[in-house]
Amino acid sequence: GSAAASVNADVQKYTDQLVEQFKTDCAALGEGYEGLDVSYHVVTDSETWFTLRVDALETMASGYEFSRIYNIDKSTDQVVTLADLFRADSGWQKVLSDEVLRQMNEQMADPNSGKTYFTDEFTGVPEDQNYYFDPSGELVLAFDEYAVAPGSMGPVEFTVARDVFRSCLR
């Protein structure tokens, strides 16, 4: 039907916009987009949010893999960074960073987890941290391979309950 077609047109519009944004981001980082094997998928398409995850594998050199997750607030059509979600004076970076560290330590303390994190090198959650909201509205922070853990663990994600950050929201 036409409703489905218009939804798909919206998805295509957002996707095209965000893939262009990704190309711009690559250029800004001095990464050549041409040397990347890029794939993407829609993480969330709700009344409020459109979230696209772009996965890139550098085909030259090391085969480094990284992702960018873009979130669009449909009410404003704006791309919303993690920092945009929170009041500037709310201390949100410390709140989220403390929670990520807590989860890292908890997982490493479990002898069966087999997980290792670079807790000493973890300097905190940056303003442009990759994130998305899971279906239950929890915040998921997604870290690239090697960012906070050995490459053998691949990219890692931490889910932060809404109660943890609710007081910091705009």
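Parameters at a glance
- Residues numbered from 1 in each chain as written.
- Predicted model: local features only at pLDDT ≥ 70, side-chain atom pairs only at ≥ 80, totals over all residues.
- Heavy atoms only, no water.
- Phe/Tyr/Trp six-rings, centres within 6.5 Å; stacked < 30°, edge-to-face > 60°.
- Buried < 20%, exposed > 50% of the residue type's maximum accessible area, 1.4 Å probe, protein only.
- Helix = DSSP H or I, 4+ residues; strand = E, 2+ residues; numbered from the N terminus.
- Core = buried A, V, L, I, M, F, W, Y, C linked by side-chain atoms within 4.5 Å.
- Pairing = 2+ DSSP bridges.
- Expected span 1.5 Å × (residues − 1).
- Arc of directions from axis to C-beta.
- Contact = heavy atoms within 4.5 Å.
- Axes fitted to C-alpha atoms, helices over the stretch in contact; angles between N-to-C directions.

Caption draft 1: The packing of aromatic side chains, seen in detail. Tallied over the full model, the rule gives seven aromatic pairs. Ring geometry for phenylalanine 86 versus tryptophan 92: centroids 5.1 Å apart, planes at 15°, classification stacked. Pair check on accessibility: phenylalanine 86 and tryptophan 92 agree, each one buried. Ring centres of phenylalanine 86 and phenylalanine 165 lie 6.0 Å apart, and the angle between their planes is 85°; this geometry places the pair in the edge-to-face category. Of this pair, phenylalanine 86 sits in the loop between strand S4 (78-79) and helix H2 (92-109) while phenylalanine 165 sits in helix H3 (residues 162-165); the two residues are 79 residues apart in sequence, bridging distant segments of the chain. Relative accessible area serves as the criterion here: at 1%, phenylalanine 86 is assigned to the buried category. Among the aromatic residues, those joined into a ring-pair cluster are Tyr117, Phe122, Phe143 and Phe158.

Caption draft 2: Just the nonpolar core, in detail. Among the nonpolar cores identified, the biggest contains 25 residues, and Leu82, Phe86, Leu96, Tyr131, Leu139, Leu141 and Val148 are the most heavily contacted of them. Those elements that place two or more of their residues in this core are H2, strand S5 (130-133), strand S6 (139-143) and strand S7 (156-160). The element that contributes the greatest number of residues to this core is H2, accounting for four residues. Grouped together as the second largest cluster of nonpolar side chains are 14 residues, Val11, Tyr14, Leu52 and Ala56 included.

Caption draft 3: Quick look at the sheet that holds S4. Strands sit in the order S1-S2-S3-S4 across an open sheet of four strands; the sheet is antiparallel. Of all strands in the sheet, those with a lone pairing partner are strand S1 (36-45) and S4, marking the two edges. Examined bridge by bridge, S1 and strand S2 (residues 49-58) share nine bridges and lie antiparallel to one another. Bridging from a neighbouring strand, histidine 41 pairs with arginine 53 of S2.

Caption draft 4: Up close: the pairing of strand S3 (residues 65-73). With seven of its nine residues buried, S3 lies for the most part within the structure. As paired elements, S3 and S4 share two bridges and run antiparallel to each other. Directly across from aspartate 73, in S4, lies its bridge partner glutamine 78. Taken together, S3 and the strand that follows it, S4, pair antiparallel across an intervening segment of four residues, in which aspartate 77 is found at a positive phi of about 65°.

Caption draft 5: Spotlight on H2. The end-to-end C-alpha distance of H2 is 26 Å, a good match for the 26 Å that 18 residues give at a rise of 1.5 Å each. All of the buried residues in H2 are Trp92, Leu96, Ser97, Glu99, Val100, Gln103, Met104 and Gln107. All buried residues of H2 fall inside an arc of 160° around its axis, so they share one side. Exposed residues on H2 whose side chains face more than 90 degrees from its buried face are Lys94 and Ala109. In this fold, the buried residues of H2 make contact with S6, S7 and H3.

Caption draft 6: Spotlight on the sheet that holds S5. If you trace the three strands from one edge of the open sheet to the other, you get S5-S6-S7, paired in antiparallel fashion. Every interior strand has two partners, whereas the edge strands, S5 and S7, have only one. Taken pair by pair, the neighbouring strands of this sheet meet at an average axis angle of 25°, ignoring direction. The pairing of S6 with S7 spans five bridges and is classified as antiparallel. When the sheet's bridge partners are listed, alanine 142 is paired in S7 with glutamate 157. Across the sheet, H2 is in contact with S6 and S7; its angle to S7 comes to roughly 115°.

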